[in-house]
Amino acid sequence: MSSPFAFELFVRAMSLRDDMAEDEVAALKSLPVRFEKMPKGVEIIADHARADHSCIITKGLAARAVYTADGERQLTALHIPGDFVDLHAFLLKIMDHSVVAMSDCDVAFVSHRSLLEIFTRYPHLGRIFWLSTVVDAAIQRAWTTSLGRRTAAQSIGHLVCELHARLSAIGAVVGNSFPLPLTQQELADLLGMSIVHVNRKLKELRADRLVRMEDGQVHIPNVAQLREFSEFDPIYLNFFKEPR
Amino acid sequence: MQKYFFHTVANGVATHDEDGTALPDEAAAWHEASSAFGEMIKEVDGEMQIGSEWTMQVESESGPVFVITLTSSRVG
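Residues numbered from 1 in each chain as written. Chains lettered and ligands numbered in written order. Predicted model: local features only at pLDDT ≥ 70, side-chain atom pairs only at ≥ 80, totals over all residues.

So, on to unusual backbone geometry. Residue and element names in this part refer to chain A. One non-glycine residue, K93, adopts positive backbone phi at about 70°. Locating K93 in the fold gives a position in the loop between α3 (88-92) and β6 (98-101). Here K93 falls in the exposed class, since 10 other C-beta atoms lie within 10 Å of it. Here the phi dihedral of D215 falls at roughly 50°; this positive angle occurs in a residue that is not glycine. Mapped onto the elements, D215 comes out in the loop between β9 (212-214) and β10 (217-219). (Helix = DSSP H or I, 4+ residues; strand = E, 2+ residues; numbered from the N terminus. Buried ≥ 20, exposed ≤ 12 C-beta atoms within 10 Å, placed from the backbone.)

Attention now moves to the domain arrangement of chain A. Residues and elements named next belong to chain A. Domain annotation of chain A identifies domain 1 (8-134) and domain 2 (140-237). Here the C-alpha centre of domain 2 lies 23 Å away from the C-alpha centre of domain 1. Listed as interface residues are 15 residues of domain 1 and, on the opposing side, eleven residues of domain 2. Residue assignment for the side of domain 1 that touches domain 2 shows that the elements contributing at least two residues are α1 (8-14) and β5 (73-79). Here the element with the most residues in the side of domain 1 that touches domain 2 is β5; it accounts for five residues. (Domains from an automatic or database assignment. Contact = placed C-beta atoms within 7 Å.)

As a further point, take the sheet that holds β10(A). Residue and element names in this part refer to chain A. Read across the open sheet, the three strands follow the order β8-β10-β9; overall the sheet is antiparallel. The sheet is open, and its two edges are formed by β8 (177-179) and β9, each paired on a single side. If you compare each strand with its neighbour and ignore which way they point, the axes differ by 15° on average. Pairing geometry for β8 and β10, over three bridges, is antiparallel. Note that in β10 the partner of S177 across the bridge is H219. (Pairing = 2+ DSSP bridges. Axes fitted to C-alpha atoms, helices over the stretch in contact; angles between N-to-C directions.)

Here you go:
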C-alpha cells in the first residue's frame, strides 16, 4: 500500500493561488516523509528547539503558542490541515515559539535537507512555499488588527470568517458549519480575552444570529452578514490565481 | 471545578449569566471577573453616561461571592 500524500491539502489550497506543474507535484509526492500522530495538548515543536525537520498538518488543528513568565499564553496562529505549519523552522533554525496540537493531529515531518534539495531543483515550488509563509504573515496582520482595534465581538466574528474561508479552501466546510474543538480557555488564549468576556460576546453573537458556537461546532447562519459585521475582507488570504 | 456566574449591569442594561463558567476556585473566578470587567470598560468607548453605575456580580452555585462597581458622577 502506498503511503498517503502528505502535501495533498497543501497542493489543493495553494493551487487556488497558482498552478503547480505536474513535475512539481510529483516531486512533492516523492519527498521522504515521516508520519506521526500527535494527541491533543502535545507540543509538536518546542520553543527554542533547533529542528532539522519541518512538519505539515494532514489532520486536526494546531496552534502557535507564546508563553508569558506568569504562565499565561497567547495563541498567535491556528493551523488547519494542509498548512505547512513549521516551514518557518527551515529558515529560523531556532524556534521563537511552540507549536501545540489543539486536537488529535496527524502530522508529517519532512527533513530540511530534502526541502533544500527540492527548492533548489524547483525554484517555482520554492516561491509557492514562500507564498505560504507570506500568507501566514498576512493572517498575523489581521490578528494584530483584531487584538488592537476591533471590538471583541468583531474579533470573534473575524476569526470565524477567516476559518470558514480557509477551511472552505480544503473542502472542510459543510452547510456553513465546521468543527472547532477548542475549550473556553483555548478560545480565550486565541483571542487575548478572558473566558468570561469571550462567553458574553459569544452569547451576543448567538442572540444577533451571527455565529452559533456549541459542542465544538461553529455555524454561521448568514456568511455575508457576518462578514459585514466583522469587517472581513478575504483579500489577505490571497485566494486568487496568478503566476508567482 | 466549580461553576461561577458573571452578571452585569452596564449602561442600564442588565445581563443575567445563565450558562456560567467552570473555574477551579474563587481566586480564578476573581481573576476572570477583574479581567472581564476591564474588558467591558475598554469597550465603553465614550458611551458611559455621567451618573451611571456599572457592575459585575460573581455568583457561585451557593450564592454571591464578589461584586465590582464603577460609578460616574458630576462633582462640580
